[in-house]
Structure formats: C-alpha cells, structure tokens
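Fold and geometry: a report
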Amino acid sequence: MSPTPMSLTYLVRPSSLENGITPGLIMFHGYGSNEEDLFSFASELPKEFTILSVRAPFDLDPFGHAWYSINFDAEYGKWSDNEQAKQSRDKILQFIEEAIEAYNLDKDNITLLGFSQGTILSYAVALSYPERIKNVIALSGYINESVLVEDYESREHSHLNVYASHGQVDQVNPVEWAQRAPEILEKLKINFKYEEFPVGHGVSPQNFYSFKTWLDALA
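The sections below set out a description of the structure shown in this document. Small disclaimer: the values here were computed from a predicted structure and weren't measured. (Residues numbered from 1 in each chain as written. Predicted model: local features only at pLDDT ≥ 70, side-chain atom pairs only at ≥ 80, totals over all residues. Heavy atoms only, no water.)

What follows concerns the packing of aromatic side chains. The final tally for this structure, using the stated rule, is 9 aromatic pairs. Plain terms: the ring middles of F41 and F208 are 5.0 Å apart, the flat faces sit at 45° to each other, and that makes the pair tilted. On the criterion of sequence distance, the pair formed by F41 in the loop between α1 (36-39) and β3 (50-54) and F208 in helix α6 (residues 205-218) is long-range, its members being 167 residues apart. A relative accessible area of 15% places F41 in the buried class. Among the residues examined, F208 registers a relative accessible area of 15% and is labelled buried. Chaining the aromatic ring pairs together yields one cluster made of F41, Y163, F208, F211 and W214. (Phe/Tyr/Trp six-rings, centres within 6.5 Å; stacked < 30°, edge-to-face > 60°. Helix = DSSP H or I, 4+ residues; strand = E, 2+ residues; numbered from the N terminus. Buried < 20%, exposed > 50% of the residue type's maximum accessible area, 1.4 Å probe, protein only.)

What follows deals with the sheet that holds strand β11 (residues 191-197). One open sheet holds the 7 strands; their spatial order is β1-β3-β2-β8-β9-β10-β11, and the pairing between them is mixed. Each edge of the open sheet is held by one strand with a lone partner, namely β1 (10-13) and β11. For this sheet the average axis-to-axis angle between neighbouring strands, irrespective of direction, equals 15°. Seen against the sheet, helix α2 (residues 82-103) touches β1, β2 (22-28), β3 and β8 (105-115) and runs at an angle of roughly 135° to β8. (Pairing = 2+ DSSP bridges. Axes fitted to C-alpha atoms, helices over the stretch in contact; angles between N-to-C directions. Contact = heavy atoms within 4.5 Å.)

With 12 residues, helix α3 (residues 117-128) should reach 16 Å at 1.5 Å per residue; the first-to-last C-alpha distance of 16 Å fits that figure. When you tally the buried positions in α3, you get 12 out of 12 residues, the bulk of the element. Regarding α3, the residues found buried are Q117, G118, T119, I120, L121, S122, Y123, A124, V125, A126, L127 and S128. (Expected span 1.5 Å × (residues − 1).)

A few words now on the pattern of salt bridges. Across all of its chains, the model carries 11 salt bridges by this definition. What emerges from the salt-bridge pattern is a single network uniting E97, E131 and R132. (Salt bridge = Lys/Arg side-chain N within 4 Å of Asp/Glu carboxyl O.)

Our next topic: unusual backbone geometry. For the bond from D61 to P62, the omega torsion is 10°, close enough to zero to count as cis. When you line up the elements, P62 lands in the loop between β4 (58-59) and β5 (65-66). Residues other than glycine seldom take positive phi values, yet K189 does so here, at roughly 60°. Topologically, K189 is positioned in the loop between α5 (181-187) and β11. Overall, the relative accessible area of 64% leaves K189 in the exposed class.

Below, the structure written as structure tokens:
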C-alpha cells in the first residue's frame, strides 16, 4: 500500500480487515532514528491493526530525525528543547486525526507505541489529550510533565491503558526516570503495567513478547 500523503512522513502496514473501521497503532521512533526502525515490529503485531510508523519532523545532521533537540552543554549538562517537544506533540495530534480519516481508523481504538523520545511524545499526547487515545506502549522512555498541557491532571484518564518498560542498565534514559511513571499513572487512575529488563537502551526479545501479549489481551 502506498502511503496517503499527510503532514508527517510515515510507513503503513494495512489491516487484515478488508471492510469497515480498523484499530490503529501508530509508532514513534527515538532520537536520531527514522520511521523504518520500529516498523520492523509490524509483521509480528496483531493483524487487525492498521499500523503507521512515523518519521519525526526535525532533521538531524548528517542523518536521522528527532521529535525535539537535545543539547549537551559543559556547564548545564544535557537538556531538552521542551518548546520543540510541544510542537511535535501537536503535530502528532494532527497526524492522528489525518490518519483516522485517511485509513478509516476507529477513533476510539488508537494505540501509540513509542521508543525513548518517541515514548516521551506518546505520553505527552495521551496524558494531554486522553480522549483521543486508548492504549500506550512506552518503551525506554519517561513522562516529561513539562511537555504536557497545563491542565492535564483535570482530564479524564481512567479509560487509558499503559504498558511501560525500561532497561535496568539504560545508559541514555536512567531507569530512575522511568520509575516515576507508576506514581503518576496511579494518580491519574490509569490502568498500567510496568516492567524492567536486564538490558540497556533497547528492546529485548522478552520485552517485545511481553508487550505483544499485553496488547493481545486488550483486543
């Protein structure tokens, strides 16, 4: 299937369902990667989903893409461009609306799957606009409350489902950052599963099997 032109570049794996609306699963890669990265998961995920893997909007030199800039400063250390992240949050929201129309997706059955920076943006969209999202698969990332809408805590989140996982020796996003998620999700009354694996900044086969089983159980 040739992708329908939309506001962000992406790859698509069509649903096995030939007629009617289909559940949608939308993937968001990490810093410096592209839409081909997570798309390798697509062939192993439930066939009824229409799967779209999206390229981040900001180009990096000499290659790769990002949802927002990460800067390294000798005095202040590593810091993220939160304003750029908010721009990406809103670009993703627009893309979801376009995808629902273009691919006849079920607007009440949208799953976001992110890795690292893509997880941060998946959380940003789902916690800011929970009425738009059903499930989040959050791999090797964390919740950055600075890129959520100001009144996110007052919104209704109880229908959301979150699977979050992290490597115990992640050298990019310390596991302590991810370990804050359960407290935040509990406060918002979100149904979640949180797991850690003895790996670094990546997704082990056991991790993949675990979130696939989790997703299958929700179907």
